[in-house]
Amino acid sequence: IAGQAEGLGGGVYVGSQSIAYFNSVAVDNVRSLDSGGFIYSGEGSQIHMKDAIVHSNASIGGGAIFVGTEGVLSITNTSLSCSANLGGCIYAGESSNTTVVDLVSDLSNATMGGFIYLEPNSQAHVRDSRVTGYARNDGGLSFASDNANF
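Residues numbered from 1 in each chain as written. Predicted model: local features only at pLDDT ≥ 70, side-chain atom pairs only at ≥ 80, totals over all residues. Heavy atoms only, no water.

Asks: Got a sec to walk through the overall build of the protein chain? Specific residues and values, please.
Replies: Each helix and strand counted, the protein chain has zero helices and 16 strands in total. Taken over the C-alpha atoms alone, the protein chain extends approximately 30 × 30 × 30 Å along its principal axes. Long-range pairs, those at least 24 residues apart, make up 82% of the contacts in the protein chain with a sequence separation of at least 6. For the protein chain, the exposed surface amounts to about 6400 Å²; the carbon and sulfur share of it is 45%. Within the protein chain, the 13 negative side-chain charges are centred at a point lying 10 Å from the centre of the 5 positive side-chain charges. (Helix = DSSP H or I, 4+ residues; strand = E, 2+ residues; numbered from the N terminus. Contact = heavy atoms within 4.5 Å. Areas by Shrake-Rupley, 256 points an atom, 1.4 Å probe, with all protein chains shown as cover. Lys, Arg positive; Asp, Glu negative; His and termini not counted. Charge placed at Lys NZ, Arg CZ, Asp CG, Glu CD.)

Structural data, given as structure tokens:
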């Protein structure tokens, strides 16, 4: 998958209250000039990604994935390498829930939250993963806003 969007979701836009599955996909050089380099998900949406390779993606918020308010993101056995202003790979909207298992993320970078940027009251659970991140300002790996859990 390759592409670019002037607006939201360089590759895929997932509307509010929707569910999207991405299994065994390869994504390279997808960009959004706004949020969600590869995927933008609206309020209350669910994104499930498994066995994927997502590299060289970029946006302002969430180099690979932007998770909307009260959204759910589940990533398993995936490789991410992205950049963004906020959340090098993942931008997790307010009161969202992100679960990452068996992930490799190298060379992700952002101004804040090299790998993930968490809005207030959001949660991120990462296990059995190798994640590196670089932030030019705050949160080399993760930037967690008020009442966020990482």
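That shown, we press on.
Asks: Lay out a nonpolar patch on the surface in plain terms, naming residues and giving numbers.
Replies: A cluster of nonpolar side chains, namely Val126, Leu141 and Phe150, defines an oily patch on the protein surface of about 250 Å² accessible area. Summarising the element assignment, Val126 is placed in strand β14 (residues 123-127). Assessed through its relative accessible area of 35%, Val126 is described here as partly exposed. (Patch = residues over 30% accessible without salt bridge, like charges linked within 9 Å, V, L, I, M, F, W, Y side chains within 5 Å. Salt bridge = Lys/Arg side-chain N within 4 Å of Asp/Glu carboxyl O. Buried < 20%, exposed > 50% of the residue type's maximum accessible area, 1.4 Å probe, protein only.)

Asks: How would you explain the sheet that holds strand β6 (residues 39-41) if you had to name every residue and give the values?
Replies: Within the open sheet, the six strands sit side by side as β2-β6-β9-β11-β13-β16. Their pairing is parallel. Each edge of the sheet is formed by a strand with only one pairing partner; in this case those strands are β2 (12-14) and β16 (142-144). Taking the axes of each pair of neighbouring strands and ignoring which way they run, one obtains an average angle of 5 degrees across the sheet. (Pairing = 2+ DSSP bridges. Axes fitted to C-alpha atoms, helices over the stretch in contact; angles between N-to-C directions.)

Asks: Go over the packing of aromatic side chains, please, and point to the residues and values.
Replies: The tally for this structure, following the rule as stated, stands at six aromatic pairs. Ring geometry for Tyr91 and Tyr117: centres 5.1 Å apart, planes at 15 degrees, overall stacked. In this pair, Tyr91 sits in strand β11 (residues 90-92) while Tyr117 sits in strand β13 (residues 116-118), placing the two residues 26 residues apart along the sequence. The buried category is assigned to Tyr91, whose relative accessible area is 10%. Look at Tyr117 and Phe143: their rings are 5.0 Å apart centre to centre, the planes differ by 5 degrees, and that puts the pair in the stacked class. In this pair, Tyr117 sits in strand β13 while Phe143 sits in strand β16, placing the two residues 26 residues apart along the sequence. An aromatic cluster is built from Tyr13, Tyr40, Phe66, Tyr91, Tyr117 and Phe143, whose rings are joined through pairwise contacts. (Phe/Tyr/Trp six-rings, centres within 6.5 Å; stacked < 30°, edge-to-face > 60°.)

Asks: Can you tell me about the side chain of Thr111, naming the residues and giving the values?
Replies: Counting through the fold element by element, Thr111 comes out in strand β12 (residues 97-112). Polar side-chain contacts of Thr111 include one of 2.7 Å to the side chain of Asn85. Once residues lying within four places of it in the same chain are set aside, the contact partners of Thr111 are Ala84, Asn85, Ala135, Arg136, Asn137 and Asp138. (Polar contact = N/O pair within 3.5 Å; in protein donor to acceptor, adjacent residues only side chain to side chain.)

Asks: Describe unusual backbone geometry, naming the residues involved and giving the relevant values.
Replies: Phi at Ser95 takes a positive value of approximately 60 degrees, unusual for a residue other than glycine. Considering the arrangement of structural elements, one finds Ser95 in the loop between β11 and β12. Positive phi values are uncommon outside glycine, yet Asn121 reaches one of about 65 degrees. Summarising the element assignment, Asn121 is placed in the loop between β13 and β14. The exposure class assigned to Asn121 is partly exposed, which follows from its relative accessible area of 38%.

Asks: Outline the state of the cysteines, supporting the account with residue identities and numerical values.
Replies: Counted under the stated rule, the structure contains zero disulfides. Here Cys89 stays free of any disulfide, with the sulfur of Cys82 as its closest cysteine sulfur at 3.5 Å. Cys89 gets classed as buried once you look at its relative accessible area, which sits at 0%. (Disulfide = S-S within 2.5 Å.)

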